[in-house]
Amino acid sequence: MLRAHHGQHFDRIYWQRQGGAFLGYNPVANDYYEAQTQQQQLFRTSPRSILEVWFETNKAKKYSIGGAVNASRYPLFKGRRYNFSFSHQYRFNDRFSLSQEIDYEPFKHNVGFDGVDVNNTVFALRNLTTIENEWEAKYSFNNKSGINISVRHYWSEVDKQAFFRLLPDGKLLGYEPAANYKKENFSFNQFSLFAEYSRQFAPGSFINLVWKNENVNWSNLALNQYFKNLNTTLTNPHGNNISIRIIYYMDYLNLKSKKEKNL
């Protein structure tokens, strides 16, 4: 395992940045949870080597950015997983800021639990694609009240390549499921809009008004295109929820002393 960090500061432009790297290795392990069956069947996981590099600039500045790249290698079925993340934030003033964070994760030749066929625990070799995109806006009216709005879209797609039967020793054997077994690829989308107004009416006490708009969409069609999935999710019916939460802070020691004085 190796970690490295460095920081630099230039007095003239007041620019700060830092970054780092991570190198790791996970050996073969016994996984009793991946099979998702009551018998707690054993699955022998693949070893994994990991390399990650990251950076970020000073978040106290008006505009800041950050990012990371992660690469993992799985010798079993020549699996490869990558993760690319990027975030940035712009502070218009002391009251208003806008930020975005996006993650893109392709995983080639991933293997994992898929279902149960007759008495066989079925695993699938598949290609996974996951994208998560979130925007957030914060505005403070004063030091006691403010509003926070976030918009998030999560998309995950599964493209199945082959099927296997889990053996008692935790290894996998090529398998052809029955005709009625669900072999379809699928796509999962979740869109949510979250808005919260918060006001402090006493020390440690708040009233929060929350509105949440959400849509969850499962599909057996793998569209393989991000914006088509986003458009389908936005055009489907959404659910709305409004809630009010009050948090009141009571100082027990203060109440106890007042009670003792009245006795």
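Scroll up to find the structure this text is about.
Throughout what follows, the structure given in this document is the object of discussion. Everything quoted here is computed from the prediction, not taken from an experiment.

**Focus: the overall build of the chain**
- If you tally the helices and strands in the chain, you get two helices and 14 strands.
- In the chain, buried positions account for 32% of the 263 residues.
- Sequence-distant contacts, at least 24 apart, represent 56% of the contacts inside the chain between residues at least 6 apart.

**Things to note about the side chain of Arg 126**
- Following the sequence through the fold, Arg 126 ends up in strand 9 (residues 120–140).
- Buried within the structure, Arg 126 lacks any salt-bridge partner; its nearest side chain of opposite charge belongs to Glu 34, at an N-O separation of 4.5 Å.
- A polar atom in the side chain of Arg 126 sits 3.3 Å from the backbone oxygen of Phe 113.
- Once residues lying within four places of it in the same chain are set aside, the contact partners of Arg 126 are Phe 107, Lys 108, His 109, Asn 110, Val 111, Gly 112, Phe 113, Val 158, Asp 159, Lys 160 and Gln 161.

**Quick notes on a nonpolar patch on the surface**
- Nonpolar side chains collect at one region of the surface, where Phe 201, Ile 207, Leu 209, Trp 211, Ile 242, Ile 244, Ile 246, Tyr 248 and Met 250 lie side by side and expose about 970 Å² of accessible area between them.
- Elements represented by at least two residues in the nonpolar patch include exactly strand 13 (205–219) and strand 14 (239–247).
- The residue Ile 242 is located in strand 14 in this model.

**Description of the nonpolar core**
- Grouped together as the largest cluster of nonpolar side chains are eight residues: Ala 35, Phe 43, Val 111, Phe 113, Phe 123, Leu 125, Phe 164 and Leu 166.
- Taken together, the elements giving at least two residues each to this core come down to strand 8 (96–117), strand 9 and strand 10 (145–166).
- Val 122, Ala 124, Tyr 175 and Tyr 181 belong to the second largest nonpolar core, which has five residues in total.

**A short note on the packing of aromatic side chains**
- Scanning the entire structure with this criterion turns up 17 aromatic pairs.
- Centroid distance Phe 186 to Trp 218: 5.6 Å. Interplanar angle 40°. Geometry classified as tilted. Placement of the pair is Phe 186 in strand 12 (residues 186–202) and Trp 218 in strand 13, with a sequence separation of 32 residues.
- The partly exposed category is assigned to Phe 186, whose relative accessible area is 26%.
- When its relative accessible area of 57% is taken as the criterion, Trp 218 is described as exposed.
- Aromatic rings pair up to connect Tyr 63, Tyr 90, Phe 92, Phe 96, Tyr 139, Phe 141 and Tyr 197 into one cluster.

**A closer look at the layout of surface pockets**
- The volume enclosed by the largest pocket comes to roughly 460 Å³.
- Forming the walls of the largest pocket are 23 residues, and the residues nearest its centre are Lys 59, Ser 87, His 88, Gln 100 and Glu 101.
- When residues of the lining of the largest pocket are traced back to their parent elements, those giving at least two are strand 5 (48–57), strand 6 (63–74), strand 7 (79–91), strand 8 and strand 9.
- If you add up the space inside the second largest pocket, you get close to 310 Å³.
- Residue lining of the second largest pocket: 15 residues in total, with Phe 43, Thr 45, Ser 46, Tyr 74 and Val 111 positioned closest to the centre.
- Per-element accounting of the lining of the second largest pocket gives the leading share, four residues, to strand 8.
- Taken together, the residues of the lining of the second largest pocket sort by class into seven nonpolar, five polar and three charged.

**Focus on the environment of Thr 45**
- Mapped onto the fold, Thr 45 is located in the loop between strand 4 (43–44) and strand 5.
- Residues Thr 45 and Leu 76, spaced 31 residues apart in sequence, show a C-alpha to C-alpha distance of 8.2 Å.

**Some thoughts on the pattern of salt bridges**
- Applying the stated criterion across every chain yields a total of five salt bridges.
- Between Asp 94 and Arg 91 there is a salt bridge whose closest N-O contact spans 3.9 Å.
- Overall, the relative accessible area of 75% leaves Asp 94 in the exposed class.
- When the shortest N-O distance is used, the salt bridge between Asp 114 and Lys 160 registers 3.0 Å. Of this pair, Asp 114 sits in strand 8 while Lys 160 sits in strand 10, placing them 46 residues apart in sequence. Each member of the pair Asp 114 and Lys 160 is classed as buried.

**Side note on helix 1 (residues 226–235)**
- Taken as a whole, helix 1 has its buried residues at Tyr 226, Asn 229, Leu 230 and Thr 233. Each buried residue of helix 1 lies within a common arc of 100° when the element is viewed along its axis, so the set occupies one face. Residues of helix 1 that are exposed and angled more than 90 degrees away from the buried face: Phe 227 and Thr 235.
- Summarising the contacts, the buried residues of helix 1 are in contact with strand 9, strand 10, strand 12 and strand 13.

Reading guide: rules and limits
Residues numbered from 1 in each chain as written. Predicted model: local features only at pLDDT ≥ 70, side-chain atom pairs only at ≥ 80, totals over all residues. Heavy atoms only, no water. Helix = DSSP H or I, 4+ residues; strand = E, 2+ residues; numbered from the N terminus. Buried < 20%, exposed > 50% of the residue type's maximum accessible area, 1.4 Å probe, protein only. Contact = heavy atoms within 4.5 Å. Lys, Arg positive; Asp, Glu negative; His and termini not counted. Salt bridge = Lys/Arg side-chain N within 4 Å of Asp/Glu carboxyl O. Polar contact = N/O pair within 3.5 Å; in protein donor to acceptor, adjacent residues only side chain to side chain. Patch = residues over 30% accessible without salt bridge, like charges linked within 9 Å, V, L, I, M, F, W, Y side chains within 5 Å. Areas by Shrake-Rupley, 256 points an atom, 1.4 Å probe, with all protein chains shown as cover. Core = buried A, V, L, I, M, F, W, Y, C linked by side-chain atoms within 4.5 Å. Phe/Tyr/Trp six-rings, centres within 6.5 Å; stacked < 30°, edge-to-face > 60°. 1 Å grid on protein atoms, 1.4 Å probe; cavity = no way out; pocket = protein on both sides within 12 Å on 5 of 7 lines; lining within 4 Å. Points joined across faces, edges and corners; volume = space filled by probe spheres on them. Nonpolar A, V, L, I, M, F, W, Y, C, P; charged D, E, K, R; others polar. Arc of directions from axis to C-beta.

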